[in-house]
Amino acid sequence: MSEPFDPSRSLTALEQDSTVIAVIEMSQSSWLVAAVIPGVERQPLKKLDADEEALLKLLHRWRNEANRAGRQIKRIVVAYEAGRDGFWLARWLRRRDVEAYVVHPTSVAVSREHRRVKTDRLDTELLKRAFLGWLRGERRHCSMAAIPTVAEEDARRPNRERENLVGERTRVVNQMKAILARFGIRTFQPTLRKAEEKLEGLRTAEGTPLPENTRAELRRHLARLRVVREQIHAIEQERLRKLAAAPAGDKGPHAMVRLIGRVLGVGVETADMLVNEILSRHLRDRRAVARYAGLTGSPDESGRRRRERGLARAGSARVRCGMIQLAWRFLRFQRNSALAQWFHERTTDGRRNTRKTMIVALARKLLIALWRLVTTGEVPEGVVLRPAS
């Protein structure tokens, strides 16, 4: 982003007498809009159909009410919680001179009663109080999400689609193996190229051919598996084509992917995921990088009690899972690096729990090292790089 942005507080001074403040509780079919209007004692609450034009007209109507009450309106600010609708509404409002923000839902404090009352009206009041505190520049009221451009959101789609397709491929393979296991067949590999040919010659443990309906179901599963594999291949080829077509002097995401891909043990898929999900974001420091991935601890301190409850898991599960997998792979391919030596020095007791704990610490250190690599060009100590292509 070109202008400074702090998700924990607003960097612009709030002039409440010249600012219309609105929050939206969004659902699939309707929006509930609450506002604070300068010069107007009531705090209106309006239910609308899910229509952006009607929302804009409502905001302008409230601005005119404030003008009639003798207030000169300079800003209209709107906030809503991140959810199913994503960021399109915030981008749409910003193009029409309305400041729009997207709130992290988990950052808004709620009542800790066992059965708290929850309605859309109460949710708007809660969101409005948190948003007002954020606009005043006070920390800990709520946290805002950085609003990505359409191009940034679109760049994340191939890796996420591939992840879904890989899950679908695994599901189909497991279904086929489960079907065959009921007939005592455990050696058939559905992922082989000649799987369809071998299917016809399969015999059950009793020596009889597979039943007709079972064989037809397996053929349909193989056809589905073939389509999924073709789609995965198409995504991978298109990614390689775009990387090859990127200009040599490019400093954007493609250059970051090529740079991280040079690290021995890191593939194109992992590099693409890390760049588009976290490394291309404008994060403040190494603590923000680790926090975004959810690789930080969650201490529990009260009085004399001091304990650690494990990972906070408040960040991106996709990045966290990918980094822990990469950390194990890093130990195999970068054995002489300083990070691998650091891990081995702290796991000499051979206990499994120690290794599980320290691999998370290694994943955090490795993520920060890769962030420094793409932002400052600092190569981690002892890490082997492939030759530049």
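Everything quoted here is computed from the prediction, not taken from an experiment. (Residues numbered from 1 in each chain as written. Predicted model: local features only at pLDDT ≥ 70, side-chain atom pairs only at ≥ 80, totals over all residues. Heavy atoms only, no water.)

1. What to know about the overall build of the protein
The helix and strand tally for the protein stands at twelve helices and eight strands. A globule of 389 residues ought to have a C-alpha radius of gyration of about 21 Å, yet the protein, at 27 Å, is considerably larger. The burial tally for the protein puts 40% of its 389 residues in the buried class. For the protein, the share of sequence-separated contacts (at least 6 apart) that also reach a separation of at least 24 residues comes to 58%. In the structure as shown, the protein presents an accessible area of about 23100 Å², 47% of it carried by carbon and sulfur atoms. Separation of charge centres in the protein, based on 76 positive and 47 negative side chains, amounts to 5 Å. (Helix = DSSP H or I, 4+ residues; strand = E, 2+ residues; numbered from the N terminus. Rg over C-alpha atoms; globule rule 2.2 N^0.38 Å. Buried < 20%, exposed > 50% of the residue type's maximum accessible area, 1.4 Å probe, protein only. Contact = heavy atoms within 4.5 Å. Areas by Shrake-Rupley, 256 points an atom, 1.4 Å probe, with all protein chains shown as cover. Lys, Arg positive; Asp, Glu negative; His and termini not counted. Charge placed at Lys NZ, Arg CZ, Asp CG, Glu CD.)

2. Quick word on the nonpolar core
Buried together is how nonpolar side chains tend to be arranged in soluble globular proteins. Grouped together as the largest cluster of nonpolar side chains are 41 residues, with contacts concentrated most on Leu274, Ile278, Leu279, Met323, Leu367 and Leu370. Where this core is concerned, the elements lending two or more residues are helix H7 (253–261), helix H8 (268–279), helix H9 (286–292), helix H10 (317–333), helix H11 (338–345) and helix H12 (352–376). The dominant element in this core, judged by the number of residues it contributes, is H12, at 13 residues. Counting 30 residues, the second-largest nonpolar core is a separate cluster that includes Val40, Leu48, Leu58 and Val98. (Core = buried A, V, L, I, M, F, W, Y, C linked by side-chain atoms within 4.5 Å.)

3. Details of the pattern of salt bridges
Tallied over the entire structure, the rule returns 25 salt bridges. Of the charged contacts, one joins Arg160 and Glu277 as a salt bridge, the two residues approaching to 2.8 Å between their closest N and O atoms. Of the two residues, Arg160 is situated in helix H4 (residues 150–181) and Glu277 in helix H8; the sequence distance between them amounts to 117 residues. We note a salt bridge from Glu200 to Arg215, for which the minimum N-O separation is 4.0 Å. (Salt bridge = Lys/Arg side-chain N within 4 Å of Asp/Glu carboxyl O.)

4. What to know about the pairing of strand S1 (residues 19–26)
Summarising burial for S1: eight of the eight residues are buried, a large majority. Residues of S1 alternate between two faces, with Thr19, Ile21, Val23 and Glu25 on one and Val20, Ala22, Ile24 and Met26 on the opposite face, all of them buried. Relative to strand S4 (residues 75–81), S1 is paired through six bridges, and the arrangement is parallel. When the sheet's bridge partners are listed, Ile24 is paired in S4 with Tyr80. Across six bridges, the pairing between S1 and strand S2 (residues 30–36) is antiparallel. If you follow Glu25 over to S2, its bridge partner there is Leu32. Between S1 and S2, which pair antiparallel and follow one another directly, the connecting turn spans three residues. (Pairing = 2+ DSSP bridges.)

5. Here we look at unusual backbone geometry
Even without being glycine, Asp97 reaches a positive phi, approximately 65 degrees. Topologically, Asp97 is positioned in the loop between helix H2 (88–94) and strand S5 (99–103). Its relative accessible area of 72% is what places Asp97 among the exposed residues.

6. Brief notes about the environment of Asn159
As for its position among the elements, Asn159 is in helix H4. We classify Asn159 as buried; its relative accessible area is 10%. Counting along the chain gives 149 residues from Asn159 to Ser10, while the straight-line C-alpha distance between them is 33 Å.

7. With respect to a positive patch on the surface
Positive charge collects at one region of the surface, where Arg140, Arg286, Arg287, Arg291, Lys365 and Arg372 lie side by side. Per element, the largest residue contribution to the positive patch is three residues, and it comes from H9. By the secondary structure assignment, Arg287 is in helix H9. (Patch = residues over 30% accessible without salt bridge, like charges linked within 9 Å, V, L, I, M, F, W, Y side chains within 5 Å.)

8. Let's talk about the packing of aromatic side chains
Summed over all chains, the structure comprises five aromatic pairs. With a centroid separation of 6.3 Å and an interplanar angle of 80 degrees, the aromatic rings of Trp328 and Phe343 are classed as edge-to-face. Pair noted here: Trp328 is in helix H10 and Phe343 is in helix H11, with a separation of 15 residues, a long-range link. A relative accessible area of 0% means that Phe343 is categorised as buried. The ring of Tyr101 has Arg94 lying over it, and the distance from NZ or CZ to the ring centre is 5.7 Å. The ring of Trp342 is capped by Lys365, whose NZ or CZ atom sits 5.0 Å from the centre of that ring. (Phe/Tyr/Trp six-rings, centres within 6.5 Å; stacked < 30°, edge-to-face > 60°. Lys NZ or Arg CZ within 6 Å of the ring centre and 35° of its normal.)

9. Focus on helix H1 (residues 52–68)
For H1, which comprises 17 residues, the first-to-last C-alpha distance of 25 Å matches the rise-based estimate of 24 Å (1.5 Å per residue) to within 8%. In this structure, the buried side of H1 is in contact with S1, S2, strand S3 (45–49), S4 and H2. The distance from a side-chain oxygen at the start of H1 to the backbone nitrogen of Glu53 is 3.1 Å, and the residue carrying that oxygen is Asp51. Positioned one or two residues after H1, Gly70 has a phi angle of 90 degrees, which is positive. (Expected span 1.5 Å × (residues − 1). Polar contact = N/O pair within 3.5 Å; in protein donor to acceptor, adjacent residues only side chain to side chain.)

10. Details of the packing of H4 against helix H6 (residues 212–245)
Axes are the key here: two packed helices are described by the angle between their axes and the distance separating the axes. Across the interface, H4 lies against H6 with an axial gap of 9 Å and an inter-helix angle of 160 degrees. Taken together, the axes of H4 and H6 are roughly antiparallel relative to one another. Classified by chirality, the crossing of H6 by H4 is left-handed. Here the residues of the contact of H4 with H6 are counted per class, giving 14 nonpolar, five polar and nine charged. (Axes fitted to C-alpha atoms, helices over the stretch in contact; angles between N-to-C directions. Parallel < 35°, antiparallel > 145°, perpendicular 65-115°, else oblique. Left-handed = near helix turned anticlockwise from the far one by under 90°. Nonpolar A, V, L, I, M, F, W, Y, C, P; charged D, E, K, R; others polar.)

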